[in-house]
Amino acid sequence: VFISILVRNKAHTLPYFLTQLYALDYPKDRITLHIRSHHNVDNSLEVLEAWLNNITNNKEYHNLIKEFYPCKGDCLLEGEKSPVGWFDTKFTHIMNLRQQALTVARFSWADFFWSLDSDVLLTDLGVLRFLVQQNHTVSAPVLPSIGRYSNFWGGMSETYYYQRTPEYSTILDRGELGCFKVPMVHSSVLVDLRTKESDLVSYNPEHIKEYPGPHDDIIVFALSCRLNNIPMHICNQREFGTIMMPLEDDQDLSEDLITLTNTLVQISVKSEPIIPDPIDRKSVV
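Residues numbered from 1 in each chain as written. Predicted model: local features only at pLDDT ≥ 70, side-chain atom pairs only at ≥ 80, totals over all residues. Heavy atoms only, no water.

### Considering a negative patch on the surface
Part 1 of the argument: On the surface, a cluster of negative charge is contributed by E248, D249, D250, D252 and E255.
Part 2 of the argument: Within the secondary structure, E248 sits in the loop between strand 14 (241-243) and helix 7 (255-270). (Patch = residues over 30% accessible without salt bridge, like charges linked within 9 Å, V, L, I, M, F, W, Y side chains within 5 Å. Areas by Shrake-Rupley, 256 points an atom, 1.4 Å probe, with all protein chains shown as cover. Salt bridge = Lys/Arg side-chain N within 4 Å of Asp/Glu carboxyl O. Lys, Arg positive; Asp, Glu negative; His and termini not counted. Charge placed at Lys NZ, Arg CZ, Asp CG, Glu CD. Helix = DSSP H or I, 4+ residues; strand = E, 2+ residues; numbered from the N terminus.)

### Quick notes on the pattern of salt bridges
Part 1 of the argument: What the rule picks out here adds up to twelve salt bridges.
Part 2 of the argument: R129 is paired through a salt bridge with D25; the nearest N and O atoms lie 3.5 Å apart. Taken together, the residues span a long stretch of sequence, with R129 in helix 4 (residues 127-133) and D25 in the loop between helix 1 (14-22) and strand 2 (32-38) at a distance of 104 residues.
Part 3 of the argument: D25 sits in the partly exposed class, given a relative accessible area of 44%.
Part 4 of the argument: Between E67 and R36 there is a salt bridge whose closest N-O contact spans 3.1 Å. Note that E67 is positioned in strand 3 (residues 63-69) and R36 in strand 2, a separation of 31 residues in sequence.
Part 5 of the argument: We classify E67 as partly exposed; its relative accessible area is 21%.
Part 6 of the argument: In the salt-bridge network here, residues are joined through shared partners; they are R8, E80 and K90. (Buried < 20%, exposed > 50% of the residue type's maximum accessible area, 1.4 Å probe, protein only.)

### Re the layout of surface pockets
Part 1 of the argument: Taken as a whole, the largest pocket holds about 1,500 Å³ of empty space.
Part 2 of the argument: Around the largest pocket sit 49 residues that line it, and W86, D119, Y149, P246 and L247 are the ones nearest its centre.
Part 3 of the argument: Going through the elements one at a time, strand 1 (2-7), strand 2, helix 3 (88-107), strand 7 (152-153), helix 5 (166-172) and helix 6 (217-226) are the ones with two or more residues in the lining of the largest pocket.
Part 4 of the argument: Among the elements that make up the lining of the largest pocket, the one with the highest residue count is helix 3 (six residues).
Part 5 of the argument: In terms of residue class, the lining of the largest pocket is built from 24 nonpolar, eleven polar and 14 charged. (1 Å grid on protein atoms, 1.4 Å probe; cavity = no way out; pocket = protein on both sides within 12 Å on 5 of 7 lines; lining within 4 Å. Points joined across faces, edges and corners; volume = space filled by probe spheres on them. Nonpolar A, V, L, I, M, F, W, Y, C, P; charged D, E, K, R; others polar.)

### Thoughts on the state of the cysteines
Part 1 of the argument: Applying the stated rule across the entire model yields two disulfides.
Part 2 of the argument: A sulfur-sulfur separation of 2.0 Å characterises the disulfide bridge that pairs C179 with C235. With the S-S dihedral at roughly 105°, the linkage between C179 and C235 falls on the right-handed side. Remark: C235 occurs in strand 13 (residues 232-235) and C179 occurs in strand 10 (residues 179-182); sequence separation between them is 56 residues.
Part 3 of the argument: For C235, a relative accessible area of 0% corresponds to the buried category.
Part 4 of the argument: The thiol of C225 is unpaired, and the distance to the nearest cysteine sulfur, on C235, comes to 14 Å. (Disulfide = S-S within 2.5 Å.)

### Quick look at the packing of aromatic side chains
Part 1 of the argument: In this structure the tally under the stated criterion is eight aromatic pairs.
Part 2 of the argument: Geometrically, the ring pair formed by Y162 and Y168 is edge-to-face, given 6.1 Å between the ring centres and 85° between the ring planes.
Part 3 of the argument: By relative accessible area, which is 5% here, Y168 ends up buried.
Part 4 of the argument: Three or more aromatic residues joined by ring pairs make a cluster, and in this case those are F152, W153, Y162 and Y168. (Phe/Tyr/Trp six-rings, centres within 6.5 Å; stacked < 30°, edge-to-face > 60°.)

Encoded structure:
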């Protein structure tokens with residue numbers, strides 16, 4: 001399993017995220033970790049380096065690929081006014097990063113590609129093994145948040161944006177249990193690279209003939225599946241974990257720490273609280 005992780009300004013979430021990642025109930029010698037981080041205004045790189053130094057000594061993983069880029073100047077992307085918010089150039093940048101990771105996974109002869117965001121906090125440590133066993137080309141675990149936001153859509157409009165549907169609440173609230181076909185999954189997505197149709201999965205709109213959708217990495221991925229008749233499944237049989245609510249464009253990066261605190265409280269209601277493994281405390285100050 002090739003696990004792709006993108007990190008930017010997540011020093012506050014990383015101790016919790018990395019603890020659960022390391023504790024996954026899956027053979028580490030069957031896992032390649034690909035971690036990329038850049039343009040951080042916080043200590044994300046220091047936290048990652050401290051964690052990697054600890055696990056590298058154990059040499060448990062099949063492979064570790066790190067791409068860390070210390071920022072220069074204001075640590076902003078070209079055209080960016082704040083680390084928070086989205087615009088076309090930033091979407092293009094993320095599309096390229098995700099596509100590069102998927103390409104590396106394919107050339108690594110990985111059986112599975114797992115795109116996992118660093119604001120996902122997993123509580124069911126068997127989630128990876130569970131998804132692998134479902135035998136779907138594209139699948140994801142349901143990850144609720146402190147609101148109604150989650151990592152899937154129940155419907156997609158004619159212009160390819162989010163559309164509210166009754167099925168969304170049924171799946172999110174676990175009114176019915178199973179793996180359901182949906183038009184969008186993101187943030188924690190497993191792709192079975194052993195299937196022939198997985199070759200058509202992409203984050204690059206140029207790989208999709210007459211691409212009709214918006215300039216957005218998760219929508220590009222969804223349409224690469226939809227237009228090639230590749231079902232995307234969301235599974236809710238278990239409480240797999242949670243996802244942090246994204247910040248709005250007008251919010252400050254510091255408000256993400258408040259979201260993390262509220263998310264951790266919610267987790268402790270449904271499952272055992274996440275107690276982070278020790279990481280060099282100097283890195284997270």
